[in-house]
Amino acid sequence: MADAVQSFADLIADGRRAKGWSQDDLERESGVSRSTISRWERGLADRPEPEHVRAVCAALGVDPRRAAVSLGYLTEDDLRAGQDQLPQEVEEVLDILQSGSISAESRREWINYLKYLQQASTSDRQTG
């Protein structure tokens, strides 16, 4: 279990650093205490509270299923099981949006633009 916890520690620490956040910033954004975040990043998360894991993942823009894999609750095969394959272009967009390398504001702008395109396409079909 120690390897899985260390992987979870890396997942949280790497996600936080990718955003350029301190542990205090992550506390503010997730509502999870700094002491809990610090314990997790030091590999002392034996059985973290699911709601805390979800809150931190949401704040970091990390897929919570990644946390479940890093903690040993799921495997990569479990994640793929029963999933339909998405087109490569969609996978690329999802990877970009979930990477943590773009700001929440930019991510929201991308999503709004995609919604605009969808709406414009629907309007074109109805009038055409």
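The notes below deal with the structure included here. Small disclaimer: the values here were computed from a predicted structure and weren't measured.

Rules and cut-offs
Residues numbered from 1 in each chain as written. Predicted model: local features only at pLDDT ≥ 70, side-chain atom pairs only at ≥ 80, totals over all residues. Heavy atoms only, no water. Helix = DSSP H or I, 4+ residues; strand = E, 2+ residues; numbered from the N terminus. Rg over C-alpha atoms; globule rule 2.2 N^0.38 Å. Contact = heavy atoms within 4.5 Å. Areas by Shrake-Rupley, 256 points an atom, 1.4 Å probe, with all protein chains shown as cover. Buried < 20%, exposed > 50% of the residue type's maximum accessible area, 1.4 Å probe, protein only. Arc of directions from axis to C-beta. Salt bridge = Lys/Arg side-chain N within 4 Å of Asp/Glu carboxyl O. Axes fitted to C-alpha atoms, helices over the stretch in contact; angles between N-to-C directions. Parallel < 35°, antiparallel > 145°, perpendicular 65-115°, else oblique. Left-handed = near helix turned anticlockwise from the far one by under 90°. Nonpolar A, V, L, I, M, F, W, Y, C, P; charged D, E, K, R; others polar. Phe/Tyr/Trp six-rings, centres within 6.5 Å; stacked < 30°, edge-to-face > 60°.

1. Quick notes on the overall build of the protein chain
Next up, step 1: When its secondary structure is counted, the protein chain shows eight helices and zero strands.
Next up, step 2: Seen in sequence order, the protein chain has helices and strands lined up from the N terminus as α-α-α-α-α-α-α-α.
Next up, step 3: The globule rule puts the C-alpha radius of gyration for 128 residues at 14 Å, and the 18 Å found for the protein chain is more than 25% above it.
Next up, step 4: Oriented by its inertia axes, the alpha-carbon framework of the protein chain measures out at about 60 × 35 × 20 Å.
Next up, step 5: Residue pairs in contact within the protein chain that sit at least 24 positions apart in sequence constitute 57% of those at least 6 positions apart.
Next up, step 6: Accessible surface, the protein chain as shown: approximately 8600 Å² in total, 48% of it carbon and sulfur.

2. So, helix α4 (residues 50-60)
Next up, step 1: When α4 is considered as a whole, its buried residues turn out to be Val53, Val56, Cys57, Ala59 and Leu60. Buried residues of α4, viewed axially, fall in a sector of 160°; they line one side.

3. Focus: the environment of Ser38
Next up, step 1: Locating Ser38 in the fold gives a position in helix α3 (residues 34-41).
Next up, step 2: A C-alpha to C-alpha distance of 9.1 Å links Ser38 and Ala13, two positions 25 residues apart in sequence.

4. Describing the pattern of salt bridges
For side chains bearing opposite charge, pairing can occur when the charged atoms are close.
Next up, step 1: Evaluation of the coordinates by the stated rule reveals five salt bridges.
Next up, step 2: The residue Asp24 makes a salt bridge to Arg34 at a minimum N-O spacing of 3.3 Å. With Asp24 in helix α2 (residues 23-30) and Arg34 in helix α3, this residue pair connects regions lying 10 residues apart in the sequence.
Next up, step 3: When the shortest N-O distance is used, the salt bridge between Asp63 and Arg65 registers 2.6 Å.

5. Some points on the packing of α2 against α3
Next up, step 1: Viewed as axis vectors pointing N to C, α2 and α3 meet at an angle of 120°, and their least axial separation amounts to 9 Å. Looking at the two axes, α2 sits oblique to α3. The interaxial crossing formed by α2 with α3 has right-handed handedness. Contacts between α2 and α3 pair Gln23, Asp24, Leu26, Glu27 and Ser30 from the former with Arg34, Ile37, Ser38 and Glu41 from the latter.
Next up, step 2: Residue composition of the contact of α2 with α3, grouped by class: two nonpolar, three polar and four charged.

6. Details of the packing of aromatic side chains
Next up, step 1: With the rule as written, the count across this model stands at two aromatic pairs.
Next up, step 2: Each ring, one from Tyr113 and one from Tyr116, has its centre 6.2 Å from the other, and the planes form 25°; the classification is stacked. Of this pair, Tyr113 and Tyr116 both sit in helix α8 (residues 104-127), three residues apart, which is roughly one turn of that helix.

7. Topic: the side chain of Arg107
Next up, step 1: Mapped onto the elements of the fold, Arg107 is located in helix α8.
Next up, step 2: Dropping the residues within four chain positions of it, Arg107 is found in contact with Lys19, Leu97 and Ile102.

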